[in-house]
Amino acid sequence: MTALKLFASLLVGLCAYYFYSQETFSEEMVRGKRVLVTGSSTGIGEQMAYEFARMGAHVMVTARTEKRLQEVVQKCLDLGASSAWYVVADMSNLTSAQQVVEETKTVLGGLDLLVLNHVKVYTGLHPFQGDMESVISTMTVNFFSYVQLTVSALSALNESRGSIIVISSMSGRIPSPFSVVYSSTKFALEGFYSGLRTEMYLQKIDLPITVAVLGYIDTDAALRALGGKIAIKASPKEDCAREIVKGGVLRQREVFYPYWVTKPVLLLRDWMPEVLEHMMDISYKVENTL
Ligand SMILES: NC(=O)c1ccc[n+]([C@@H]2O[C@H](COP(=O)([O-])OP(=O)(O)OC[C@H]3O[C@@H](n4cnc5c(N)ncnc54)[C@H](OP(=O)(O)O)[C@@H]3O)[C@@H](O)[C@H]2O)c1
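Reading guide: rules and limits
- In this convention, every chain numbers its residues from 1, walking through the sequence in written order.
- Side-chain atom pairs in this predicted model are given and counted only at pLDDT of 80 or more, local residue features only at pLDDT of at least 70, and totals for whole chains, interfaces and linings cover all residues.
- Here, any two strands with at least 2 DSSP bridges between them count as paired.
- A run of DSSP states H or I qualifies as a helix once it reaches four residues; a run of E qualifies as a strand once it reaches two. Both are numbered from the N-terminal end.
- Fitted lines through C-alpha atoms serve as axes, helices being fitted only where they are in contact, and the angles separating the N-to-C directions of these axes extend from 0 to 180 degrees.
- Note on contacts: each residue gets a C-beta atom placed from the backbone, and two residues are in contact if those atoms are within 7 Å.
- The rule is simple: place the C-beta atom from the backbone, and if it lies within 6 Å of a molecule or strand, the residue is near it.
- Side-chain classes are defined by residue name, with Ala, Val, Leu, Ile, Met, Phe, Trp, Tyr, Cys and Pro counting as nonpolar, Asp, Glu, Lys and Arg as charged, and the others, Gly among them, as polar.
- Labels follow a simple rule on C-beta atoms placed from the backbone: if 20 or more others lie within 10 Å of a residue's own, it is buried; if 12 or fewer, it is exposed; otherwise it is partly exposed.

Enquirer: Is there a simple way to think about the sheet that holds strand β2 (residues 58-63) in this case?
Expert: Two modes of strand pairing occur in sheets, parallel and antiparallel, and in both the strands are linked by backbone hydrogen bonds. Pairing is parallel in the open sheet, where seven strands are placed in the order β3-β2-β1-β4-β5-β6-β7. Looking at strand neighbours, the two that pair on one side only are β3 (83-88) and β7 (254-257), the edges of this open sheet. Going from strand to strand, the sheet's axes swing by 15° on average, the running direction of each strand aside. Summarising the sheet, strand β6 (residues 209-214) and β7 pair through four bridges and their orientation is parallel. Opposite Val213, over in β7, you have Phe256 as the bridge partner. The sheet strands contacting helix α4 (residues 94-108) are β1 (34-38), β2 and β3, and the helix crosses β2 at an angle near 155°. Where helix α8 (residues 237-249) meets the sheet, it contacts β4 (113-116), β5 (163-169), β6 and β7, and its direction lies at approximately 165° from that of β7.

Enquirer: Would you explain the site of the ligand in this entry?
Expert: Neighbouring residues of the ligand: 29 residues in total, closest Gly39, Gly43, Arg64, Thr65 and Ala221. When residues of the shell around the ligand are traced back to their parent elements, those giving at least two are α2 (43-54), β5 and α7 (220-226). With three residues, the single largest contributor to the shell around the ligand is α2. Its residues assigned to classes, the shell around the ligand shows 13 nonpolar, twelve polar and four charged.

Enquirer: Would you take a moment to explain unusual backbone geometry for this structure?
Expert: What is expected of a backbone is that most residues other than glycine have negative phi and most peptide bonds are trans. Omega for the bond connecting Tyr257 with Pro258 falls within 30 degrees of zero, at -15°, which places this linkage in the cis form. Positive phi values are uncommon outside glycine, yet Arg161 reaches one of about 55°. Checked against the element boundaries, Arg161 lands in the loop between α5 (132-160) and β5. Classification of Arg161 by C-beta neighbours within 10 Å gives exposed; the count is 10. Phi angles above zero are rare outside glycine, and Phe178 is one such case at about 70°. Relative to the helices and strands, Phe178 resides in the loop between β5 and α6 (180-202). A count of 19 C-beta atoms within 10 Å places Phe178 in the partly exposed class.

So this is what it looks like as structure tokens:
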């Protein structure tokens with residue numbers, strides 16, 4: 001009994017130390033930082049660009065749709081960005097990915113934060129039907145281009161002691177039925193960036209990597225793809241973007257959003273997979289995915 005009490009006090013003490021020793025977020029941490037946000041013409045990427053802008057960062061946005069990027073840049077300036085720029089690029093071409101980083105380094109004079117967020121247009125929920133072309137193109141946009149951007153940005157990030165934010169998903173932690181290709185690309189990201197983070201740590205290289213694990217967020221694209229197919233409420237993209245930016249700036253290893261919808265489910269995955277499967281059975285409207 002005494003040993004148990006001792007253990008409990010030790011645990012409480014360790015938790016208290018952990019929470020109180022965490023750095024607190026301030027907007028000043030962002031002012032003047034040079035940030036590249038990919039997939040920032042719409043959705044969560046667009047909202048993250050606005051968050052950085054509001055706190056006075058130099059923001060570079062990129063995607064394929066020039067008109068949208070021009071509007072995002074204008075809004076970033078209105079919100080108070082130190083400067084805002086765009087570069088049009090298609091991430092299905094790895095040379096373009098490389099050029100985005102080169103352009104960013106030239107225009108911003110370096111790079112402090114690389115935010116990897118773009119994603120191939122969601123096609124909704126469908127059973128996998130063996131379309132290899134789609135596997136390869138999705139893997140290229142959602143995974144290979146992330147790695148290419150990272151490789152191209154590494155020296156600039158090392159120079160600025162910068163960091164990386166990678167946008168993942170619950171689908172990168174729990175295999176997702178009816179979107180197995182998308183899910184696989186997120187698993188690939190999780191494997192690559194978590195491994196890279198540890199590799200950097202073991203080599204005493206200071207390159208923090210924040211992986212954001214997201215639930216269902218109310219972007220137009222996600223609502224279009226998933227609306228009516230899953231019985232889960234979507235969370236607001238503005239709040240989501242704010243949490244990711246905060247976690248990334250604080251150099252946290254992971255951000256879970258919405259926390260109470262994502263984190264406990266991951267515990268279930270390891271401890272009670274049958275319960276999780278049953279929850280999926282309730283959440284998915286399978287008849288709408290065929
Ligand atoms: N929304 C959710 O429920 C949810 C849940 C979990 C995780 N996530 C993750 O959050 C991130 C953002 O999702 P979102 O819902 O905000 O998506 P979104 O609104 O569809 O935004 C995707 C962005 O990627 C760009 N993009 C698409 N294909 C591209 C390509 N080939 N080359 C360059 N850019 C390209 C799009 O712009 P253009 O079309 O102009 O190129 C757009 O700016 C993704 O990584 C996604 O996996 C979202």
